[in-house]
Every structure is written in structure tokens, then in C-alpha cells.
Amino acid sequence: METINRIMELLNAEMERPVPYQSWFHYASLILVFLIAAYATIRLRHASKERIRVCVLTMGIIMVVLEVYKQINYSYTNAWAYRWYAFPFQFCSTPMYVALLAGWMKNERFRNVLYGFLSTYGLFAGLLVMFIPHDVFTDTIGINIQTMVHHGGAAIMGSVLLFSDIPWKRVRFSRVMVLYFMTVAIAMGLNIWHNRYIQDGTFNMFFLNPRYGLHIDWIEPVYSRLSYESYFLIYVLGFTLISYGIFGLGKTVRTLLKRDDARKNKEVIPCSH
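Residues numbered from 1 in each chain as written. Predicted model: local features only at pLDDT ≥ 70, side-chain atom pairs only at ≥ 80, totals over all residues. Heavy atoms only, no water.

### Some thoughts on the overall build of the protein
Tallying secondary structure elements over the protein gives nine helices and zero strands in all. For 273 residues, the compact-globule estimate of 2.2 N^0.38 gives 19 Å, and the protein sits close to it at 21 Å. When burial is assessed residue by residue, the protein has 46% of its 273 residues classed as buried. If you sum the accessible surface of the protein, you get close to 15300 Å²; carbon and sulfur atoms cover 66% of it. The protein carries 26 positive and 17 negative side-chain charges, and their two centres are separated by 15 Å. (Helix = DSSP H or I, 4+ residues; strand = E, 2+ residues; numbered from the N terminus. Rg over C-alpha atoms; globule rule 2.2 N^0.38 Å. Buried < 20%, exposed > 50% of the residue type's maximum accessible area, 1.4 Å probe, protein only. Areas by Shrake-Rupley, 256 points an atom, 1.4 Å probe, with all protein chains shown as cover. Lys, Arg positive; Asp, Glu negative; His and termini not counted. Charge placed at Lys NZ, Arg CZ, Asp CG, Glu CD.)

Here it is as C-alpha cells:
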């Protein structure tokens with residue numbers, strides 16, 4: 001146990017807690033994710049299905065490994081007692097599970113639905129936290145790196161898949177939407193389970209637990225004026241409308257890119273021998 005504690009102490013090295021849009025760490029993370037997303041999107045736009053699958057699986061594994069570290073670290077800093085508020089099933093956690101499932105999935109049709117989720121809801125989830133990291137930063141270096149890799153990774157995966165040539169675009173958004181509703185149902189089931197059987201600490205998956213509500217400063221004044229039912233509908237439908245907008249944007253951009261590729265191909269004059 002002493003050895004484990006020494007390892008955890010090393011992994012618990014501290015830094016000054018980053019402040020959104022005031023800290024070099026946040027700005028550096030945004031710039032790095034943007035550059036990687038741009039490079040990967042351009043580089044992988046015409047990548048094969050297998051290469052895309054391997055990239056998604058690799059990102060999913062990285063997310064899981066770092067999430068395991070986060071869970072262990074949180075327990076270690078709490079005298080090895082589990083912190084229920086950090087249970088890994090928030091909206092921004094779903095890309096981790098979906099990426100793993102997509103990477104292992106043999107059924108191409110269902111895998112494309114998972115890709116559709118990652119490139120719409122998943123992309124939105126990653127960008128939302130990257131641009132509004134309301135409470136994800138801590139004074140632990142490893143946790144700050146983990147959260148930026150996790151959410152930045154979701155944004156990068158989503159960008160690559162949204163503009164790639166793989167045939168997920170044949171998937172109807174309605175099927176992707178059903179997958180999102182399933183994740184909401186799981187989150188609500190977990191909230192009910194914890195409220196009834198665990199009742200230890202704060203447990204608010206997807207910020208939909210009626211016992212706790214939404215604790216984000218810039219939304220709190222609006223949320224406090226709504227009934228829970230109204231908030232639930234706005235939350236679920238709002239995320240869906242935004243994701244549908246991303247879906248439409250991706251479709252439009254892909255169409256324009258294809259036209260540009262076709263035009264360039266026509267302009268190529270074959271060499272005569």
C-alpha cells in the first residue's frame with residue numbers, strides 16, 4: 001500500500017488551478033486542439049474505413065486509460081473513498097464509450113450510426129467543455145491534462161468523422177438521435193438508482209437529476225425559473241437541435257468539398273506518351 005501511495009502522490013503533482021480564458025493552460029489547450037483537429041481532418045478526409053476505425057478505437061482507449069487514472073486519483077485524494085459526483089457518465093463522457101464500441105463493432109451499418117453520434121453530439125460535447133470549462137479544472141496537473149485530452153479528443157474525433165468520406169452520411173439523423181435518447185435514459189436510470197439505493201454524495205448524471213439540478217453559474221439564473229419538466233425538455237431537445245445543425249453543416253461542407261474535388265479532377269490533363 002505504501003508503494004501505491006507513493007505512485008499516487010507522484011501522479012497527484014499540483015499546479016495553480018487554471019482559470020478559463022485567463023490561464024495559459026486553457027489557451028494552450030484550445031490552440032493545440034484546434035491545430036490537431038485541422039491537421040487530422042485534412043489528413044484523414046480520404047482515409048480508408050479501417051484507418052478511421054483504428055483512429056477512433058485508439059482515441060477511445062486513450063480516453064478510458066486517462067479516465068481510470070482520474071477515478072483512482074479522485075479516490076486517493078478522498079482517503080480512498082469514491083467520489084460519486086465524478087462517476088464517468090456525463091454527456092461529455094459518452095464519446096469515450098461510443099468510440100470504444102465503434103472501434104470494436106463489426107457491423108458496419110451500426111458502426112456508422114456510432115460515427116454519426118460522435119460527429120454530432122460527441123463533437124458538440126467536446127467543444128462545449130473546451131470553450132466553457134466551467135468546473136473541470138483542478139489544481140492537479142494530471143487531471144487538467146486528462147480533461148483537456150478527453151474533451152479535446154472528442155472534438156477532434158467529431159471533426160474528422162464529420163468531414164471524412166466514410167459512408168456514415170448515409171445514416172439518418174433520426175437513428176443517431178435515438179442513440180442519444182438511449183444515453184439520456186441510461187443517465188436518468190443511474191440517477192434514480194443512486195437516489196434510491198446509494199444516497200451518498202452528489203450524483204447528477206447529465207445534470208438531469210431532479211434532486212440537484214444544474215449547477216453552472218451562467219445558466220443558473222435561467223434554470224432556476226423553469227420547472228424540472230421544462231428544463232428536461234429544453235436540455236434534451238436543445239442538444240438535439242444543435243447536433244442536427246452540426247449534421248447539416250457537415251453534409252453541406254462535404255458536398256462542397258466533393259464538387260471542388262471533381263472540378264480539380266476535370267482540370268487535370270492526362271499526360272501523353
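Moving on, there is more to tell.
### A short note on the packing of aromatic side chains
Any pair of aromatic rings gets described here by the distance separating the centres and the angle formed by the planes. One pass over the structure, following the stated rule, counts 28 aromatic pairs. Look at F91 and F239: their rings are 4.8 Å apart centre to centre, the planes differ by 45°, and that puts the pair in the tilted class. Remark: F239 occurs in helix 9 (residues 228-267) and F91 occurs in the loop between helix 3 (49-76) and helix 4 (94-104); sequence separation between them is 148 residues. Taken individually, F91 and F239 each receive the classification buried, so the pair is uniform in this respect. (Phe/Tyr/Trp six-rings, centres within 6.5 Å; stacked < 30°, edge-to-face > 60°.)

### Things to note about unusual backbone geometry
Leave glycine aside and you will find that most residues have negative phi; peptide bonds, for their part, are mostly trans. The phi angle at Q199 is positive, at roughly 55°, despite the residue not being glycine. Along the polypeptide, Q199 turns up in the loop between helix 7 (173-198) and helix 8 (220-223). The phi dihedral of F206 falls on the positive side, at around 60°, and the residue is not glycine. You can see F206 is positioned in the loop between helix 7 and helix 8.

### Examining the environment of T140
Tracing the backbone shows T140 in the loop between helix 5 (108-131) and helix 6 (141-163). For the pair T140 and E50, spaced 90 residues apart in sequence, the C-alpha separation works out to 37 Å. Those residues in contact with T140, other than ones at most four positions away along the chain, are L11, N12, A13, E14, Y69 and N73. (Contact = heavy atoms within 4.5 Å.)

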